[in-house]
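Examining the three-dimensional arrangement
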Amino acid sequence: MTKGKKILMYGFLIIASFISVFPLYWMVSAATNKSADVLSGRIIPGGYLVENFKNLLANQDVFRALGNSFKYAIILTVVSMVICSLAGYGFEIYHDKAKDLVMSVILLAMMVPFVATMIPLFQMFSKAGWLNSTIGFILPTISTPFLIMMFRQSARSFPHDIIEAARIDGLSEIAIFFRMFMPTMRSTYAAAATITFMNAWNNYLWPKVIMTDAESITMPMVVANLTQGYVTDYGMLMLAVLICTLPTAIVFFCLQKSFAEGITGAVK
Amino acid sequence: MSKPSKKKFMSLERRHNLTGWVFLAPAALLILFMSFVPMVKALLLSFQTGTGAAMKYADPIWMNYVQMTKDTVFIQSLKNTFLYLIIQVPVMLVLALILASILNNRQLRFKGLFRTMIFLPCATSLVAYATVFRTLFANNGLINLVLVNLGILDQPYSFLTNVWSARIIIVIALLWRWTGYNMVFYLSGLQNIEYSIYEAAKIDGASPMQTFFKITAPLLKPTILLTAIMSTNGTLQLFDESVNLTDGGPANASITMSHYIYNMSFKYVPKFGYAAAMSFLILILVAILAFVQMKVGDKRD
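Residues numbered from 1 in each chain as written. Chains lettered and ligands numbered in written order. Predicted model: local features only at pLDDT ≥ 70, side-chain atom pairs only at ≥ 80, totals over all residues.

Things to note about the overall build of chain B
- Helix and strand counts for chain B stand at 13 helices and two strands.
- Compactness check: chain B gives a C-alpha radius of gyration of 25 Å against a globular reference of 19 Å for 301 residues, more than 25% above the reference.
- Taking the principal axes of the C-alpha coordinates as reference, chain B spans close to 90 × 70 × 35 Å.
- Burial analysis of chain B (301 residues in total) assigns 40% to the buried set.
- For chain B, restricting intrachain contacts to residue pairs at least 6 apart in sequence, the fraction spanning at least 24 positions comes to 69%. (Helix = DSSP H or I, 4+ residues; strand = E, 2+ residues; numbered from the N terminus. Rg over C-alpha atoms; globule rule 2.2 N^0.38 Å. Buried ≥ 20, exposed ≤ 12 C-beta atoms within 10 Å, placed from the backbone. Contact = placed C-beta atoms within 7 Å.)

Right under this line is the structure:
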């Protein structure tokens, strides 16, 4: 590489990195500053974090929203892992023409935008009494074509010898799945769980539709409520944003590799 | 091991076949009832009019669809959504592709650090980053402060309440949130390309431009196609940013289709029939654009 090219490359990367990181840095630092300091352009962290937190608690029931978000996202992730991996495994290990056909129909569901199903789902769920409930939150997104495809892909690399050996040992088909497939595919599960948890946590439109009760709202909804209510306390607002971002940021840092594999996983 | 009779073997085969169906049934049924059934219901609903339990078929049956063509806010939302699509998606994909090719360079140092930093925006929830951008670009926000202090502006510019700046800020915010996401797809695609091909090209005296257009782009074509379809799909359904960044404003100048459909269904007096008709139009657009992209993707072979 010539020197000029090198400078150009690093320069581009440094600018891109700075733009990517700065808003997040600013969010963290603003969460620790008084609103007036934020407005005067202070970008270094201050000592107002506890005060902001007190204000936030007085304004919104953050703990309840956090609890709701964790409850919805964790239950959805667990159920979704079981249902989708079972399906992906079923499609691949026992595949025949009929199942392949069903799979291609399922893939078509990827093209159905959520807004197009949202209104009938709302009607169905309000009739069933599922508004403001965990089941209402999770049901539409438990089974996704993306995850099924991802697990089908991983089942492809699962050795048939293991299945045959387990059958000879007298293991039932479901036991083979739970005791052989699941432990072997730990990395696929990690990737799939990461992506599912993040999507569930970040989901905004669907909870906004069905969580009509203040008791049931999620953390992103709390943040949205704060901006809609003409709050000018920027320190407090950014703290709420920070709290809303922390769980996904932690998952992101711990499982960055899984996350990257997760979003690109089904494509290989 | 006893030798199974032919009859027993058949039944075992059939039992395995059945097991497969049982395994995939919960997921398949969920998709049927959570995607396809509501989709059909939305289509039926789109021909109806009225509120709540008093829904009835419209007369003429395509009334909702005719109404769309006269609804200036809807037409505005359609224009906005396509504006975001046409500007943001290509710029983002090109940027992501450039970043990925730079990061794929073997001689580059701090590769992991750069990748993590550029990928970092994906860790934020859509509502969260929209709120951060709204605050940064507010009248009394940091961007205005910096621009005024640098002497670029005489007084704070109202980014979020001017028509074009509001739209451009949505595009900027989208670029910020999703470029790293797409870059990761390209990086994983690039890793599947043998590095020796690049070395051979270098020995043959290929310029970086030639290398990019003759080697990288063709080999990454399936990935590029996939990200294009995903981004198109995502942009057509844009909601969180329109609600939380500009609130669709000023005066619906930056509103997206999904945001307008939401408002029609849940914010004002619910017009489920009309909203369903608009949502069905999005479904058709998604299908058409995916089809076109796949056709274009095939042709270049």
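With respect to the overall build of chain A
- Each helix and strand counted, chain A has 15 helices and zero strands in total.
- The buried share among the 268 residues of chain A stands at 48%.
- Here the contacts in chain A between residues at least 6 apart in sequence split such that 77% fall between residues at least 24 apart.

Focus: the interface of chain B and chain A
- Each side of the interface is counted separately: chain B has 68 residues, and chain A has 67 residues.
- Taken together, the residues of the side of chain B that touches chain A sort by class into 46 nonpolar, 19 polar and three charged. (Nonpolar A, V, L, I, M, F, W, Y, C, P; charged D, E, K, R; others polar.)

Some points on the confidence of the model for chain B
Residues and elements named next belong to chain B.
- A residue-level look at chain B finds 95% of positions with pLDDT of 70 or above and a mean pLDDT of 88.
- The model gives residues 1–5 a pLDDT under 50, and that stretch makes two contacts with residues more than four places away or in other chains.
- Across the whole predicted complex the pTM is 0.89, and at the interface the ipTM reaches 0.89. (pLDDT = per-residue confidence, 0-100.)

Comments concerning unusual backbone geometry
- Here the phi dihedral of N132 of chain A falls at roughly 60°; this positive angle occurs in a residue that is not glycine.
- Checked against the element boundaries, N132 of chain A lands in the loop between helix 6 (114–128) and helix 7 (134–138).
- The exposure class assigned to N132 of chain A is partly exposed, which follows from the 18 C-beta atoms found within 10 Å.
- Look at A251 of chain B: it is not a glycine, yet its phi comes out positive at around 45°.
- Relative to the assigned elements, A251 of chain B resides in the loop between helix 11 (240–246) and helix 12 (257–267).

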